[in-house]
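Single-letter residue listing:
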Amino acid sequence: MPLNSLLQAFRSKEKPSGARLRLAVIGAGRMGQFHLKALSKNTKANVVAVADISSDRLTPLAQKHKVKPVLNIQDLFGTIDAAIIATPTPTHYDLGKTLLGAGISCLIEKPFTETVEQAEELITLADKKNCILQIGHIERFNPAVIEAARHIQDPQFIEVNRLGPYDPRVAHIGVVMDLMIHDLDIVLFLVSRPVTRVEAFGAKVLSAHEDIAKVRLHFEGGCIADLSASRISLKKYRRIRIFQKNAYMSLDYAAPKLQVYKKKSDIVKNLTDISILSPKLSKKDPLTLELDDFIRCVQEGKTALVSGKHGRDALELAQEVLTKLKIHA
């Protein structure tokens, strides 16, 4: 059965509210700045504050966006409905626990937490407090991925390549948690079956962690997914190819672009027996779509497309990849 896409209805818990959502962005770094810029164009949300532990980063950013600067997140209690946690991963658990514990819905950037146990605790807390918990696996909101999900039916083989230049700011983690975790989430979403076996190989080139990794996932039902991630490429290259019975899909994350090739007849005698579809995609960028979904979910009590459980599953698989990773010297 085809997978649900972003455009299908979510499970509703309560009636929608017309009030603008009161939001805070936690983290004045690069990701926090991206969120603030995108939110400045959103008519359904009102960013009231930005929080960070560094006043040097915080003050100029708060002034630029004309929002309140906050050094202690507890000062936000009672003033916001939801928060974007765009800080380094080691801080996600403590910040999420504090905010969710106060009844504040959260969108937490990926990777969700450092451990699966921490992720489980935040999922339980969000349920207890009746909060929306969404994880920032932004590629789920890529217009090409949204459209591709319409055409997926029992994929047999998937090939993913995500390459990019080295960024010293993320030298504290390897390429699996930095880049590949996006594609691990996407493949879990597209196949929608349990992983039965993991093979992984990698190499350290520029940092103390793996800078290139190749992974093969075996799924229940026979599907195999080959994933490659590298941060030693001079140019960005982000593509996924999906093969299933009678059809093939080629997806460019960056363009974004999708092409769907399907058999017109049982026997292919020439290219006229193959239809090539290039669907028209939404022009909205993935971050805007992600924030739109989060705001809608909080306002209307809907289930997030990328829930805490999805973030936990991607984290758990990424950790299994790291466990199986054989590093070549």
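In this text the structure is predicted, and so the values were computed from the model without any measurement.

(A) The arrangement of the overall build of the protein chain in detail. Scanning the protein chain from N- to C-terminus turns up 8 helices and 15 strands. For 329 residues, the compact-globule estimate of 2.2 N^0.38 gives 20 Å, and the protein chain sits close to it at 20 Å. Taking all 329 residues of the protein chain together, 50% fall into the buried category. Restricting to contacts in the protein chain with at least 6 residues of sequence separation, those with at least 24 account for 69%. As displayed, the protein chain offers around 16400 Å² of accessible surface, 52% of which is attributable to carbon and sulfur atoms. Taken together, the 47 basic and 36 acidic charged side chains of the protein chain have centroids lying 6 Å from each other.

(B) Just the packing of aromatic side chains, in detail. Applying the stated criterion to the full structure yields 3 aromatic pairs. For the pair Phe157 and Phe243, a centre-to-centre distance of 6.0 Å together with 45° between the ring planes defines the contact as tilted. A residue pair is termed long-range when its members are at least 10 positions apart, and Phe157 in strand 7 (residues 157–163) and Phe243 in strand 11 (residues 237–244) qualify at 86 residues. Exposure remark for Phe157: the relative accessible area of 27% places this residue in the partly exposed category. A residue is classified by how much of its surface remains accessible, and Phe243, at 28% relative accessible area, is partly exposed. Among the aromatic side chains, those forming a connected cluster through ring pairs are Phe157, Phe243, Tyr248 and Tyr261. In this arrangement the basic side chain of Arg162 is found over the ring face of Tyr253, its NZ or CZ atom lying 4.8 Å from the centre.

(C) Spatial organisation of helix 3 (residues 92–101). Every buried residue of helix 3 is accounted for by His92, Tyr93, Leu95, Gly96, Leu99 and Leu100. For helix 3, the angular spread of the buried residues around the axis is 165°, confining them to a single face. Against the buried residues of helix 3 lie strand 1 (21–26), strand 4 (82–85), strand 5 (105–109), helix 4 (116–128) and strand 6 (133–136). Positioned one or two residues after helix 3, Gly103 has a phi angle of 80°, which is positive.

(D) View of the sheet that holds strand 1. Taken together, the 6 strands give an open sheet; going across it, the order is 3-2-1-4-5-6, and neighbouring strands pair in parallel fashion. Of all the strands in the sheet, the pair left with one neighbour each is strand 3 (68–70) and strand 6. When strand polarity is set aside, the average angle formed by the axes of neighbouring strands in this sheet is 25°. In this sheet, strand 2 (residues 45–51) lies alongside strand 1 in parallel orientation, the contact comprising 6 bridges. The residue of strand 2 that forms the bridge with Leu21 is Ala45. Contacting strand 1, strand 2, strand 4 and strand 5, helix 1 (residues 30–39) runs over the sheet at an angle of about 155° to strand 1.

(E) Quick look at the state of the cysteines. This model, assessed by the stated rule, comprises 0 disulfides. The thiol of Cys106 is not disulfide-bonded; the next cysteine sulfur, from Cys131, is found 7.1 Å away.

(F) Molecular detail of the environment of Leu188. Here Leu188 shows up in helix 6 (residues 175–191). Along the sequence, Leu188 and Asp154 sit 34 residues apart, while their C-alpha atoms lie 12 Å from each other. Residues in contact with Leu188, not counting those within four places in the same chain, are Val195, Phe219, Asp313, Ala314 and Leu317.

(G) Quick look at a nonpolar patch on the surface. On the surface, Val205, Leu206 and Ile232 cluster together to form a nonpolar patch covering roughly 250 Å² of accessible area. Position of Val205 among the secondary structure elements: in the loop between strand 8 (195–203) and strand 9 (212–219).

(H) Inspection of the side chain of Asp211 at higher detail. Its place among the elements puts Asp211 in the loop between strand 8 and strand 9. Classification of Asp211 by relative accessible area gives buried; the value is 0%. Of the polar contacts made by the side chain of Asp211, one reaches the side chain of Ser207; its length is 2.8 Å. When sequence neighbours within four positions are dropped, the list of residues in contact with Asp211 reads Tyr166, Val175, Ala203, Lys204, Val205, Leu206, Ala229, Ser230, Arg231 and Ile232.

Reading guide: rules and limits
- Residues numbered from 1 in each chain as written.
- Predicted model: local features only at pLDDT ≥ 70, side-chain atom pairs only at ≥ 80, totals over all residues.
- Heavy atoms only, no water.
- Helix = DSSP H or I, 4+ residues; strand = E, 2+ residues; numbered from the N terminus.
- Rg over C-alpha atoms; globule rule 2.2 N^0.38 Å.
- Buried < 20%, exposed > 50% of the residue type's maximum accessible area, 1.4 Å probe, protein only.
- Contact = heavy atoms within 4.5 Å.
- Areas by Shrake-Rupley, 256 points an atom, 1.4 Å probe, with all protein chains shown as cover.
- Lys, Arg positive; Asp, Glu negative; His and termini not counted.
- Charge placed at Lys NZ, Arg CZ, Asp CG, Glu CD.
- Phe/Tyr/Trp six-rings, centres within 6.5 Å; stacked < 30°, edge-to-face > 60°.
- Lys NZ or Arg CZ within 6 Å of the ring centre and 35° of its normal.
- Arc of directions from axis to C-beta.
- Pairing = 2+ DSSP bridges.
- Axes fitted to C-alpha atoms, helices over the stretch in contact; angles between N-to-C directions.
- Disulfide = S-S within 2.5 Å.
- Patch = residues over 30% accessible without salt bridge, like charges linked within 9 Å, V, L, I, M, F, W, Y side chains within 5 Å.
- Salt bridge = Lys/Arg side-chain N within 4 Å of Asp/Glu carboxyl O.
- Polar contact = N/O pair within 3.5 Å; in protein donor to acceptor, adjacent residues only side chain to side chain.

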